[in-house]
Amino acid sequence: MCGIVGYVGKNQAAPILLDGLAKLEYRGYDSAGIANIVDGKIEINKAKGKLAVLSDLVDGGSKIDSTIGIGHTRWATHGKPSDENSHPHMAEGGKFAIVHNGIIENYIELKANLVASGVQFKSETDSEVVAHLLEKHYEGDLLAAVKKTVEHLEGSYALGIVCTDYPDRFVAVRRSSPLIVGISDEGNFVASDIPAILAYTRKIYHLNDGDIVDLYADSVKIYDSELNPVMKQVEVVTWDVKAAEKGGYDCFMHKEIEEQPRALHDTISPRIDEQGKIVLDGVNLTKEDIEKCDKIYIVACGSAYHVGIVGKYTIEKLTRKPVEVDLASEFRYRDPIVNENTLMIIISQSGETADTLAALKEGKRMGARILSIVNVVGSSIANESDDVLYTWAGPEIAVATTKAYSTQLSMIYLIALYMADKLGMISEEELRSNLSALLDVPNLVEEIIKKNDPIVRELAEKYKEIDHAYYLGRNLDYAVAMEASLKLKEVSYVHSEAYAAGELKHGTISLIEQDTLVVALASCSKVLEKTLSNIEEVKSRGALVLTLTSEGNTAVESVSDHVIYLPKTKEMFMPSLEVVPMQMLGYYMAIARGCDVDKPRNLAKSVTVE
Ligand code: G6P
């Protein structure tokens, strides 16, 4: 999705903006642009295509003599990718330029009114209305014009605004789209995400919905939507700058797969105290709250939704509370049955996914208690929740999630065990043995990565020409099959589908022919025999079968072409092990097929539009 950077300070702005935009490339984009105030006039440079096209156009920014500017990478929603539709957009008089991330939902009406009053639009975007509205409402007071403008906007927006009357300041606004403020002695920044400014400062402010920020080279003032001053606490980013860089890896996805042992350890171990009890920082769910809860919804998108499916199996098994898992885009429009006895678990890496945020708000409005699992500190979803559990995965840059998914899984196990413990449904001894197994998961993941790297790489070489793949599993294996299938298709563009193994014969088995790749996940002991029969069904129709199973399940060999054995753990935690070779298969297939692993076509990391 779009990325925004803004800077005002002592240094030349354009190279800083281009550098910041490069750090936001992971979000997905199809064009880029910057606006600077040069000699009292706004100079806009923008171009369709990769950031390198823009950078070449302006010689890396070196010739733009300005210490203030706003920049943008655009992921097209309204209007095709083109130079005209790229941001920044300028008001007709040339006084204002804006960059926008989000969607102005009422732009058609706003545009019609502006056109009726004689305004000529240059682009097909929803965003351009903002520039014209600013000009319309401007009477010499920049903040007043911003306030009036945003009062007319419906939808989501993070905005950066420059005005030629104020060559020493710019304004930013945040509503339901990510935006942080960075402060330093050399100048001040706004950005859609921390990596964009991490090379310049670690001191940041998180903004609330509706906040308006006024930035000068040596000061930052933050106001609420009514322009009342807001006091904020400076927060210091503790990540290593290297965490947001490739650090010698060929791509972020590879690096993030290998960071999983560390990410899992950081997420799990602080939540288990010396007495062997679960400590969920940021969660106030008492025994009474859990007893009162008669239904749990887990709501999320993409891979986070797949975590939710594991959550359903696990929480229902341990607590006997009914759990429904919903795609956020469905939940928000389907009239779900929610009341004050409902617990809603929201899962999101970015904390900004538009559908997930909207579903959260809908659930909250209907009385649900909101517990979120989020990776980005201070994100919109975290801010809107009653209880927040952070996954300590660190910055995840690759579009295809790996370490965020894995850490989300570990939080789901902890929540399930925590609830079971509070309800008295698990014995002390059982809890202790589960937690000790969970604490060992990071080590097992490390072992799996080491052992399987050459094996999976070789398999990918073998399979690289395939057009289709089918992933099968039952129970928790099925939940992982969904994520495994998504990992393959999103980065390597091989068509793949996941099926509950018992369901295949109700239609899809007709697609299995000689050498169709079937990846079978076969770790759940309760249904192992059944899964084996399903594997036989595809094998006897010519499928090429790769099976993942726990050490010792040698019975799978007779129906498989390749077997990956995983170390033994409690079955509840098998998804955390199974997913790892599956992520590696997606990654190595993408490499073998020459795909852009970190930035798959048409995808965005943080989906801030519906
Ligand atoms: C995008 C990403 C997925 C992610 C999904 C939900 O589609 O590519 O990896 O699972 O959004 O994102 P969230 O930030 O809410 O977890």
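Residues numbered from 1 in each chain as written. Predicted model: local features only at pLDDT ≥ 70, side-chain atom pairs only at ≥ 80, totals over all residues. Heavy atoms only, no water.

### Examining the domain arrangement of the protein
Piece 1. Assigned domains of the protein: these are domain 1 (3-238), domain 2 (246-426) and domain 3 (448-594).
Piece 2. With centres defined by C-alpha atoms, the gap from domain 2 to domain 3 works out at 26 Å.
Piece 3. In this complex, domain 2 contributes 24 residues to the contact, which on the side of domain 3 involves 23 residues.
Piece 4. For the pair domain 2 and domain 3, the summed buried area comes to about 2000 Å², and 69% of that belongs to carbon and sulfur atoms.
Piece 5. Inspection of the domain 2/domain 3 interface yields zero salt bridges.
Piece 6. Linking domain 2 with domain 3 are eight residue pairs in polar contact (both at pLDDT 80 or more).
Piece 7. Taken together, the elements giving at least two residues each to the side of domain 2 that touches domain 3 come down to helix H6 (252-258), helix H7 (260-268), helix H9 (302-319) and helix H13 (403-422).
Piece 8. Here the element with the most residues in the side of domain 2 that touches domain 3 is H9; it accounts for eight residues.
Piece 9. Residues that form the side of domain 2 that touches domain 3 fall into these classes: 13 nonpolar, nine polar and two charged. (Domains from an automatic or database assignment. Contact = heavy atoms within 4.5 Å. Buried area = accessible area lost by both parts, 1.4 Å probe. Salt bridge = Lys/Arg side-chain N within 4 Å of Asp/Glu carboxyl O. Polar contact = N/O pair within 3.5 Å; in protein donor to acceptor, adjacent residues only side chain to side chain. Helix = DSSP H or I, 4+ residues; strand = E, 2+ residues; numbered from the N terminus. Nonpolar A, V, L, I, M, F, W, Y, C, P; charged D, E, K, R; others polar.)

### A look at the packing of aromatic side chains
By convention here, two paired aromatic rings are described through the distance between centres and the angle between planes.
Piece 1. Counted according to the given criterion, the structure contains seven aromatic pairs.
Piece 2. Arranged with centres 5.2 Å apart and planes meeting at 85°, the rings of Phe96 and Tyr138 form a pair that is edge-to-face. Pair noted here: Phe96 is in strand S6 (residues 96-104) and Tyr138 is in the loop between helix H4 (128-137) and helix H5 (142-151), with a separation of 42 residues, a long-range link.
Piece 3. Site record: aromatic cluster; members linked through ring pairs are Tyr7, Phe189 and Tyr200.
Piece 4. Stacked on the ring of Phe121, the Lys or Arg Lys111 has its end atom at 4.8 Å from the ring centre. (Phe/Tyr/Trp six-rings, centres within 6.5 Å; stacked < 30°, edge-to-face > 60°. Lys NZ or Arg CZ within 6 Å of the ring centre and 35° of its normal.)

### Overview of the site of the ligand
Piece 1. The environment of the ligand is made up of 13 residues, and the closest members are Ser303, Ser348, Gln349, Ser350 and Thr353.
Piece 2. Gln349 has a polar backbone atom sitting 2.7 Å from an oxygen atom of the ligand.
Piece 3. Thr353 places a polar side-chain atom, nitrogen or oxygen, 2.5 Å from an oxygen atom of the ligand.
Piece 4. If the ligand stood free it would expose 390 Å²; the protein chains cover 89% of that surface.
Piece 5. Tallying contributions element by element places H9 first for the shell around the ligand, with three residues.
Piece 6. Here the residues of the shell around the ligand are counted per class, giving five nonpolar, seven polar and one charged. (Near = heavy atom within 4 Å. Areas by Shrake-Rupley, 256 points an atom, 1.4 Å probe, with all protein chains shown as cover.)

### Overview of the sheet that holds strand S22 (residues 517-522)
Piece 1. The strand order S21-S20-S22-S23-S24 describes an open sheet built from five strands, whose pairing is parallel. The open sheet terminates on both sides in strands that have one partner only, identified here as strand S21 (495-500) and strand S24 (562-566). This sheet shows a mean twist of 15° between the axes of neighbouring strands, independent of strand direction.
Piece 2. Looking at chain direction, strand S20 (residues 468-473) and S22 are connected through four bridges and run parallel. Residue Leu472 lies in a different strand from S22, and its bridge partner there is Ala520.
Piece 3. Contacts from helix H16 (residues 528-539) reach S20, S22 and strand S23 (544-550), with the element oriented near 170° to S22.
Piece 4. Across the face of the sheet, helix H17 (residues 574-592) comes into contact with S20, S22, S23 and S24 while running at roughly 145° to S23. (Pairing = 2+ DSSP bridges. Axes fitted to C-alpha atoms, helices over the stretch in contact; angles between N-to-C directions.)

### Quick word on the sheet that holds strand S12 (residues 212-216)
Piece 1. If you walk across this open sheet you meet the six strands as S5-S6-S7-S8-S12-S13, and the pairing is antiparallel. If you trace the sheet from one side to the other, it starts and ends with strand S5 (89-90) and strand S13 (220-223), each paired once.
Piece 2. The sheet strands contacting H4 are S5, S6 and strand S7 (155-163), and the helix crosses S6 at an angle near 130°.

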